[in-house]
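Close look at the chain arrangement
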Amino acid sequence: EKETFDLIYAPSVLEHFYDLSALFSELYRIMKPGGMLIFSSPTETFLYSVGRKIFGAVKPGDHYHSVFEIQKEARKHLKYIRHLNGPFSSVPSFLSVYIIYVFGK
């Protein structure tokens, strides 16, 4: 239902949605006023792809978006609150493996 959730927590989930605009329209619809969205996602930077090569991992075919693309769409629908780079908060975003974002309605 509309305006149902105070908090939506989506760790490493949103990159799997192809249509980010439709996704964030729905997240906005189901969030209560003052509600929060917390999500994390891989950065998919050059260093991320190098790490995959080193460890023999293949990027999943359903990773449609990087965290940077996701947060850009989120800003169109919700209010940015803060982010944290991971696994070490002291490194810049382009060197991070993932980023955790907090947005509010």
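Scroll up to find the structure.
What comes next concerns the included structure. From a predicted model like this one, the values you see are computed outputs, not experimental measurements.

Turning to the pairing of strand β1 (residues 5-11), a few remarks are in order. Here β1 runs beside strand β2 (residues 31-42); their pairing, made up of six bridges, is parallel. Paired with F5 across the strands is M31, a residue of β2. Regarding topology, helix α1 (residues 20-30) serves as the crossover connection from β1 to the parallel β2, and that connection is right-handed.

With that settled, consider the nonpolar core. What tends to happen in soluble globular proteins is that the nonpolar side chains get buried as a cluster. Ranked by size, the top nonpolar core spans 18 residues in total, and within it L14, F24, L27, L37, F39 and F103 carry the most contacts. Of all elements in the fold, only β1, α1, β2, α3 (67-77) and β4 (98-104) reach the threshold of two or more residues within this core. Those residues in contact with F39 that lie beyond four places of it in its chain are A10, L14, V67, I70, Q71, A74, I99, I100, Y101 and F103.

To continue, consider the packing of α1 against α3. Relative orientation of the contacting elements α1 and α3 amounts to 45 degrees, with a least axis distance of 9 Å. In this view, α1 runs oblique relative to α3, as classed from their interaxial angle. Between α1 and α3 lies a crossing of right-handed hand. For the pair α1 and α3, contact is made by L20, S21, F24, S25 and Y28 and by E69, I70, E73, A74 and H77, respectively. Here the contact of α1 with α3 is composed, by residue class, of five nonpolar, three polar and two charged.

What counts and what doesn't
- Residues numbered from 1 in each chain as written.
- Predicted model: local features only at pLDDT ≥ 70, side-chain atom pairs only at ≥ 80, totals over all residues.
- Heavy atoms only, no water.
- Pairing = 2+ DSSP bridges.
- Helix = DSSP H or I, 4+ residues; strand = E, 2+ residues; numbered from the N terminus.
- Right-handed = clockwise from strand over helix to strand, strands pointing away.
- Core = buried A, V, L, I, M, F, W, Y, C linked by side-chain atoms within 4.5 Å.
- Buried < 20%, exposed > 50% of the residue type's maximum accessible area, 1.4 Å probe, protein only.
- Contact = heavy atoms within 4.5 Å.
- Axes fitted to C-alpha atoms, helices over the stretch in contact; angles between N-to-C directions.
- Parallel < 35°, antiparallel > 145°, perpendicular 65-115°, else oblique.
- Left-handed = near helix turned anticlockwise from the far one by under 90°.
- Nonpolar A, V, L, I, M, F, W, Y, C, P; charged D, E, K, R; others polar.

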